[in-house]
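Summary of the model geometry
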Amino acid sequence: MNRVVLVTGASRGIGAATAIKLAALGYKVAINYKENGQAANEVKEHILKMGGQAAIFQADIIDENAVVTLFSKIKSELGALSHLVNNVGILKPQMRVEQMTAERINSVLMHNVTPYFICAREAIKHFKAHHEPNRCAIVNVSSAASRLGSANEYVDYAASKGAIDSFTTGLSLELAAYGIRVNCVRPGCIYTDIHRDGGEPDRVERLASLLPLRRGGTSEEVANAIVWLLSEEASYVTGSFIDLAGGK
Ligand code: NAP
């Protein structure tokens, strides 16, 4: 099987680590990014140096037309998509719900929820048209926030991840009869740039000692779970969640 995977938001953080691990296993990797072409190119070069195959694709994941174009470009450059990692997620500066505007909340939902549906929709078309669907799989990146609520920080973000948990359950049931598996990872405090966007770059350091494992996690530790869920080793796993949150 020609395994072609799209990792959305693969220029940095968890997406970049996942792209590199998948390439090492022989997947052809579509590295999506929004702005940071240099970082995306570094991920690609890293993969090529390892002897893997990858290409970079700029597309703003909130733009439905751009996503449709992205999938056809991937098919032309790497082949029809067989696996999807829905990874892009954003958060906004920390604040309480009583301070939040509709504009902010809508922006979080527009980035963190709708694109997961649209990317899955396009992926399913490619799975059914070009592959044995029962060899295809999707992993959604949610968050421990969906269980914990992110009080005083970003309840809007936590709620968007709650939507991804429900999306995972519903989509996995819709696709189970085709053998297409849909699973989810829920990272906790992971060392990436996302915390800077929340206004607290050192957030993981602040919280690390409060976690049962007494440390933050790495993008590679999350990527290990994503890679396993996508693989044939997880062939009887669908609608499942792996929590990578240091025991919280
Ligand atoms: P990150 O380090 O902030 O990286 C974000 C990635 O997403 C970058 O590659 C960025 O591209 C891309 N991106 C952002 N907006 C985009 C858009 N509109 N279209 C296309 N690409 C876009 O993020 P991360 O921490 O690795 O997070 C990855 C996922 O894990 C998210 O869903 C996040 O919610 C989840 N998560 C993270 C943590 C954590 O502690 N880090 C915990 C729980 C869950 P550019 O480089 O071009 O900007």
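To be clear, the structure that these remarks concern was listed above.
Here's what I pulled together on the structure shown here.

So, how was this worked out
- Residues numbered from 1 in each chain as written.
- Predicted model: local features only at pLDDT ≥ 70, side-chain atom pairs only at ≥ 80, totals over all residues.
- Heavy atoms only, no water.
- Pairing = 2+ DSSP bridges.
- Helix = DSSP H or I, 4+ residues; strand = E, 2+ residues; numbered from the N terminus.
- Axes fitted to C-alpha atoms, helices over the stretch in contact; angles between N-to-C directions.
- Contact = heavy atoms within 4.5 Å.
- Near = heavy atom within 4 Å.
- Polar contact = N/O pair within 3.5 Å; in protein donor to acceptor, adjacent residues only side chain to side chain.
- Areas by Shrake-Rupley, 256 points an atom, 1.4 Å probe, with all protein chains shown as cover.
- Nonpolar A, V, L, I, M, F, W, Y, C, P; charged D, E, K, R; others polar.
- Parallel < 35°, antiparallel > 145°, perpendicular 65-115°, else oblique.
- Left-handed = near helix turned anticlockwise from the far one by under 90°.
- Buried < 20%, exposed > 50% of the residue type's maximum accessible area, 1.4 Å probe, protein only.
- Arc of directions from axis to C-beta.
- 1 Å grid on protein atoms, 1.4 Å probe; cavity = no way out; pocket = protein on both sides within 12 Å on 5 of 7 lines; lining within 4 Å.
- Points joined across faces, edges and corners; volume = space filled by probe spheres on them.

**Focus: the sheet that holds strand β7 (residues 241–244)**
Two strands in a sheet stick together by hydrogen bonds in their backbones, pointing the same way (parallel) or opposite ways (antiparallel). Here we have 7 strands laid out as an open sheet, ordered β3-β2-β1-β4-β5-β6-β7, and parallel in their pairing. Of all strands in the sheet, those with a lone pairing partner are β3 (53–58) and β7, marking the two edges. The mean inter-strand angle of the sheet, taken between neighbouring strand axes irrespective of direction, is 15°. As paired strands, strand β1 (residues 4–7) and strand β4 (residues 83–86) are joined by 3 bridges and run parallel to one another. In the sheet register, Val 7 faces β4, and the bridge partner there is Val 85. Of the strands in this sheet, β1, β2 (28–33), β4 and β6 (181–187) are in contact with helix α1 (residues 13–24), which crosses β1 at around 170°. Here helix α2 (residues 37–49) sits on the sheet and contacts β2 and β3; the angle it forms with β3, its principal contact strand, is near 170°.

**Some words on the site of the ligand**
Neighbouring residues of the ligand: 32 residues in total, closest Ser 11, Glu 35, Asn 87, Tyr 157 and Thr 192. In the environment of the ligand, an oxygen atom lies 2.8 Å from a nitrogen or oxygen atom belonging to the backbone of Ile 14. Lys 161 places a polar side-chain atom, nitrogen or oxygen, 2.9 Å from an oxygen atom of the ligand. Its free accessible area being 910 Å², the ligand has 96% of it covered by the protein chains. For the shell around the ligand, the elements supplying multiple residues, two or more each, are α1, β2, α7 (155–175) and α8 (194–197). Here the shell around the ligand is built from residues that sort into 13 nonpolar, 13 polar and 6 charged.

**As for the packing of α1 against α2**
A pair of packed helices is characterised by two quantities: the angle between their axes and the separation of those axes. In contact at an axis separation of 10 Å, α1 and α2 are set at 20° when each is read in the N-to-C sense. Classified by the angle between their axes, α1 and α2 sit roughly parallel to one another. Every pair of crossing elements has a handedness; the one defined by α1 and α2 is right-handed. Facing α1, whose interface residues are Ala 16, Ala 19, Ile 20 and Ala 23, α2 presents Val 43, His 46 and Ile 47. Of the residues assigned to the contact of α1 with α2, the class counts are 6 nonpolar, 1 polar and no charged.

**Observations regarding the packing of helix α3 (residues 64–77) against helix α5 (residues 114–130)**
Two elements in contact, α3 and α5, have axes whose closest approach is 10 Å; the angle formed by their N-to-C orientations is 30°. With respect to each other, α3 and α5 are oriented roughly parallel. In this structure, α3 meets α5 at a crossing whose hand is right-handed. Taken together, the residues of α5 that come into contact with α3 (itself represented by Glu 64, Val 67, Val 68, Phe 71 and Lys 75) are Ile 118, Cys 119, Arg 121, Glu 122, Ala 123, His 126 and His 130. Grouping the amino acids of the contact of α3 with α5 by side-chain chemistry returns 6 nonpolar, 2 polar and 4 charged.

**Side note on helix α4 (residues 102–112)**
Three or more residues of α4 are buried, namely Arg 104, Ser 107, Val 108, His 111 and Asn 112. With its buried residues spanning 110° around the axis, α4 presents them on a single face. Facing away from the buried side of α4, by more than 90 degrees, are the exposed residues Ala 102 and Glu 103. Buried residues along α4 sit in contact with α5 and α7.

**Some details on the layout of surface pockets**
Roughly 160 Å³ of internal volume is contained in the second largest pocket. Lining the second largest pocket we find 13 residues, and of these Arg 215, Gly 217, Glu 221, Leu 244 and Gly 246 sit closest to its centre. Residues that form the lining of the second largest pocket fall into these classes: 7 nonpolar, 4 polar and 2 charged.

**What to know about the environment of Tyr 191**
Here Tyr 191 shows up in the loop between β6 and α8. When residues no more than four places from it in sequence are discounted, the contact partners of Tyr 191 are Val 204, Glu 205, Gly 216, Gly 217 and Ser 219. There is a polar contact of 2.8 Å between the side chain of Tyr 191 and the side chain of Glu 205.

**Some remarks on unusual backbone geometry**
Unlike most non-glycine residues, Ser 150 shows phi in positive territory, near 50°. Structurally, Ser 150 can be placed in the loop between α6 (145–148) and α7. Overall, Ser 150 belongs to the buried group, its relative accessible area being 10%. Even without being glycine, Arg 214 reaches a positive phi, approximately 60°.

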